[in-house]
Amino acid sequence: MTEAILLVGGKGTRLRPLTVHTPKPMVPAAGVPFLTHQLARARAAGVDHIVLATSYLAEVFEPHFGDGSALGLHLEYVTEKEPLGTGGAIRNVAERLRSGPDEPVLIFNGDILTGLDIRALVGTHESTGADVSLHLTKVTDPRAYGLVPTDDTGRVLAFLEKPQTPEEIVTDQINAGAYVFRRSVIDTIPAGRPVSVERETFPGLLAAGAHLQGMVDSTYWLDLGTPAAFVRGSADLVMGRAPSPAVPGRRGDRLILPTARVAPDAKLTGGTVVGEGAFVAEGARVRGSTILPGAVIGPDAVVTDSLIGSRARVGERSVLTGAVVGDGAVVGADNELRDGVRVWCDARIPAGAVRFSSDQ
């Protein structure tokens, strides 16, 4: 396996306001842009050439990763002028691939954190002679995902997008967002228009009699599409629950980047990350949260399962649970922000302005 495509063009609308200024794959998880973890895992599996299919805020990627040599990779960048969907994005970068017609090309969605055995997926693809092989994982509630039933040999039987009724839920296997394509199959995807691999390419190949193979790998898997999932994924990387060779420090209860400052009596637990130049003041308690570069957590603040954006400030004694605070926002002292609240970039919440309990 020498070649891969990473699909990193999405707008990350479910993650806003984190993605107002930063494309989703570049939001830091466990101290580095999430994309770094995907690139490092691909390299560890033997991939050396990766084409990044970019679109939203495409100008951010290359200045950070360059030619990829720092990661032992050769990276190329292809930008869509108009969003082309997953299949269209794959087809749009085809001319940058070097593989022969029958050789495998690995493809990743840019928002999946997984412990997938990449070499095993490629091995399954080659041993079965498949045209496309898919990583499948099992979930308890599959209604939000595309179901992929298979026969006893793992051959894909159908693609069922986001079933809602009990009768439609015929399997707990879902499309986990990693594929191996035979190189020649990529050239059959229509060029120059939006194409969904889930809704058009895969069902079309199946109808034409192509061999689509599923490989169930139920190790760690998480879709990082929501703020709560993103924070959990970052914490799992720090604590070693999710595998990555790119975590910049020892696995444990917390990760403090080199230029961050943390008061001696502040308490950091649950996989908390404190980014470069951030500050956690005396008496603060931060659990399972991501504090991005330059952010400030005030004295005696309590921050749980939350993400605090770059240069944002959380005032003293404020309590945040399951919250997202955008870049440059200020949450004044003595506020309470609960699950699901999103404070937009550069917003200002005055002291004591939002509470869920008495002020006494």
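Definitions and cut-offs
- Residues numbered from 1 in each chain as written.
- Predicted model: local features only at pLDDT ≥ 70, side-chain atom pairs only at ≥ 80, totals over all residues.
- Heavy atoms only, no water.
- Helix = DSSP H or I, 4+ residues; strand = E, 2+ residues; numbered from the N terminus.
- Expected span 1.5 Å × (residues − 1).
- Buried < 20%, exposed > 50% of the residue type's maximum accessible area, 1.4 Å probe, protein only.
- Salt bridge = Lys/Arg side-chain N within 4 Å of Asp/Glu carboxyl O.
- Phe/Tyr/Trp six-rings, centres within 6.5 Å; stacked < 30°, edge-to-face > 60°.
- Lys NZ or Arg CZ within 6 Å of the ring centre and 35° of its normal.
- Pairing = 2+ DSSP bridges.

**Re helix H7 (residues 227–239)**
At step 1: The end-to-end C-alpha separation of H7 is 18 Å, in line with the 18 Å expected for 13 residues at 1.5 Å each.
At step 2: Within H7, 10 of the 13 residues are buried, which leaves the element mostly enclosed by the surrounding structure.
At step 3: Listing the buried residues of H7 in full gives Pro227, Ala229, Phe230, Val231, Gly233, Ser234, Ala235, Asp236, Leu237 and Val238.
At step 4: One or two steps after H7, the chain reaches Gly240, where phi turns positive at roughly 85°.

**Quick notes on the pattern of salt bridges**
At step 1: All chains considered together, the criterion is met by 12 salt bridges.
At step 2: The partner of Glu316 in a salt bridge is Arg317, and the shortest N-O contact between them spans 3.3 Å.
At step 3: Judged by relative accessible area, which is 33%, Glu316 ranks as partly exposed.
At step 4: Three or more residues joined by partner-sharing salt bridges are found here, namely Asp102, Asp131 and Arg182.

**Description of the packing of aromatic side chains**
At step 1: Under the definition given, this model contains 5 aromatic pairs.
At step 2: Measuring from centroid to centroid gives 5.3 Å for Phe159 and Phe202, while their planes differ by 25°, and the two rings are stacked. Here Phe159, found in the loop between strand E9 (146–147) and strand E10 (160–161), pairs with Phe202, found in helix H6 (residues 197–207); they are 43 residues apart in sequence, far enough to count as distant.
At step 3: Residue Phe159 is classed as buried on the basis of its relative accessible area, which comes to 15%.
At step 4: Judged by relative accessible area, which is 0%, Phe202 ranks as buried.
At step 5: Taken together, a centroid distance of 6.4 Å and an interplanar angle of 80° make the contact between Tyr179 and Phe181 edge-to-face.
At step 6: Among the aromatic residues, those joined into a cluster by ring pairs are Phe159, Tyr179, Phe181 and Phe202.
At step 7: Over the aromatic face of Phe279 sits the side chain of Arg261, whose NZ or CZ is 4.4 Å from the ring centroid.

**Quick word on the sheet that holds strand E26 (residues 324–325)**
At step 1: Spatially, E14-E17-E20-E23-E26-E29 is the arrangement adopted by the 6 strands of the open sheet, whose pairing is parallel. The sheet is open, and its two borders are formed by strand E14 (254–256) and strand E29 (342–343), each paired with just one other strand.
At step 2: Bridging between E14 and strand E17 (residues 272–274) involves 3 bridges; their strand directions are parallel. By the bridge assignment, Ile256 is partnered in E17 with Val274.

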